[in-house]
Amino acid sequence: MKSVILCEGLTDCLFIQYYLKTVHHWQDGNSRANIKFMRWNRILKKNENNVMIGHDGSCSRLIPMLENVLKSNWMGSLEETYRKIVIVTDRDDDHTETYFLNEMNRIISEQHGKIVDTIVNNEWCKVCFINSIEEEFTVEFLLLVIPLSENGAIETVLLDSIAQKGAYDKTIIDKSKSFVDEIDPKVLYMKRRRDKLKAWFNIYFSIRVPEDFYRERQHIFNSFPWEENAYINTIFSKLSEL
């Protein structure tokens, strides 16, 4: 079975990639798909199943990516159909969840899907489709707006989890947040709340890894004890059903 996880950016992709590998024992397929509507993707495998994790650069690209995945399902064979589709996005404000639920329903309706379950955050729902050669198939959708019940981002979850591991890193994280909060008093550059959240994360990692940021970030994610963190496992519990 083929599945796909659509993310906002590279940090989200790496985070989820290493979570799936460590906690749910997915294996790196050492391959990427040549897909025009993704800037980056990676394929993981487990038994006869594979999941592609990818992004196109921002949250504004999530719905267009979903639209392209559904078009691919409509045009392709049943063997190539993505049977499980996950959207992972930050909870930027109080309207994020409603926006994505509405947009998902709109796109599904335009693709002639018949909703079986009600789409809600952090719950799998089933939708029946008919492809271009009149074959019927079912797709399961999962929307993950993170954190689950408060405004924030996937980077917030990671920083909170790292801070819980030790006082030294917690101090660096706290001071990084204070620096970001105070450095732009006229709000000339960080105009959105999400800008500060991303800056907290980037300042911490710039201190911890001044050079070779991408490779070392991979190392940090790979060595993080994902399976021991109850908070992260609660947030991503539904990914066990991939």
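Note that this is a predicted model, so its numbers are computed, not measured.

As for the environment of Ala230
Within the secondary structure, Ala230 sits in helix H8 (residues 230–235). For Ala230 and Ser161, which are 69 residues apart along the polypeptide, the C-alpha to C-alpha distance reads 9.5 Å.

Some words on the sheet that holds strand E5 (residues 82–90)
Here eight strands make up an open sheet; going across it, the order is E2-E3-E4-E1-E5-E8-E7-E6 and the pairing mixed. What marks the edges here is a single partner per strand, and that holds for strand E2 (27–31) and strand E6 (114–115). Those strands touched by helix H2 (residues 62–75) are strand E1 (2–7), strand E4 (49–55), E5, strand E7 (125–130) and strand E8 (136–146), and its axis lies near 175 degrees from that of E5.

Describing the confidence of the model for the chain
Caution applies to low-pLDDT regions: their predicted coordinates should not be interpreted in detail. Chain-level pLDDT for the chain is 88 on average; 98% of the residues reach the 70-or-more range. Of all the helices and strands in the chain, helix H7 (residues 213–223) carries the lowest mean pLDDT, 71, while E1 carries the highest, 97.

Describing the packing of helix H5 (residues 167–183) against helix H6 (residues 193–208)
Running from amino to carboxyl end, H5 crosses H6 at an angle of 130 degrees, the nearest separation of the two axes being 9 Å. Comparing the axis directions of H5 and H6 gives the class oblique. With respect to the hand of their crossing, H5 and H6 are arranged in right-handed fashion. Between H5 and H6, the contacting residues are Asp169, Ile172, Ile173, Ser176, Lys177, Phe179, Val180 and Asp181 on the first element and Lys196, Ala199, Trp200, Ile203, Tyr204, Ile207 and Arg208 on the second. Of the residues in the contact of H5 with H6, the class split is nine nonpolar, one polar and five charged.

So, unusual backbone geometry
Residue Ile146 is joined to Pro147 through a cis peptide bond whose omega torsion reads -5 degrees. Positive phi, close to 55 degrees, is recorded for Asn47, a residue that is not glycine. With respect to the helices and strands, the residue Asn47 is situated in the loop between strand E3 (40–46) and E4. Taking the relative accessible area as the measure of exposure, Asn47 reaches 72% and is therefore exposed. If you check the backbone angles, Glu134 has positive phi at about 65 degrees while not being a glycine. If you trace the backbone, Glu134 turns up in the loop between E7 and E8. Overall, Glu134 belongs to the exposed group, its relative accessible area being 63%.

Some remarks on the side chain of Ser3
Along the chain, Ser3 turns up in strand E1. In this structure, Ser3 is in contact with Asn50, Val51, Met52, Tyr82, Lys84 and Leu242, ignoring residues within four places of it in sequence.

A look at H2
Compared with an ideal rise of 1.5 Å per residue, which puts 14 residues at 20 Å, H2 spans 20 Å between its outermost C-alpha atoms and is within 8% of the ideal. Residues of H2 that are buried: Leu62, Ile63, Met65, Leu66, Val69, Leu70 and Asn73. When H2 is viewed along its axis, its buried side chains cluster within an angular range of 155 degrees and face the same direction. Each element contacted by the buried residues of H2 is listed here: E1, E4, E5, helix H3 (96–110), E7 and E8.

Things to note about the state of the cysteines
Defined simply, a disulfide is a covalent bond joining two cysteines at their sulfur atoms. Throughout the structure, instances matching the rule amount to zero disulfides. Left without a disulfide partner, Cys7 is nearest to the cysteine sulfur of Cys13, which lies 4.0 Å away. Overall, Cys7 belongs to the buried group, its relative accessible area being 0%. A residue is classified by how much of its surface remains accessible, and Cys13, at 0% relative accessible area, is buried.

Structural notes on the pattern of salt bridges
Opposite charge on two side chains permits pairing when their charged atoms draw close. Tallied over the full model, the rule gives 17 salt bridges. Note that Lys170 is salt-bridged to Asp174, the shortest N-O span being 2.8 Å. Of the two residues, Lys170 and Asp174 are both situated in helix H5; the distance of four residues between them amounts to about one turn of the helix. Among the residues examined, Lys170 registers a relative accessible area of 39% and is labelled partly exposed.

Thresholds, definitions, all that
Residues numbered from 1 in each chain as written. Predicted model: local features only at pLDDT ≥ 70, side-chain atom pairs only at ≥ 80, totals over all residues. Heavy atoms only, no water. Helix = DSSP H or I, 4+ residues; strand = E, 2+ residues; numbered from the N terminus. Pairing = 2+ DSSP bridges. Contact = heavy atoms within 4.5 Å. Axes fitted to C-alpha atoms, helices over the stretch in contact; angles between N-to-C directions. pLDDT = per-residue confidence, 0-100. Parallel < 35°, antiparallel > 145°, perpendicular 65-115°, else oblique. Left-handed = near helix turned anticlockwise from the far one by under 90°. Nonpolar A, V, L, I, M, F, W, Y, C, P; charged D, E, K, R; others polar. Buried < 20%, exposed > 50% of the residue type's maximum accessible area, 1.4 Å probe, protein only. Expected span 1.5 Å × (residues − 1). Arc of directions from axis to C-beta. Disulfide = S-S within 2.5 Å. Salt bridge = Lys/Arg side-chain N within 4 Å of Asp/Glu carboxyl O.

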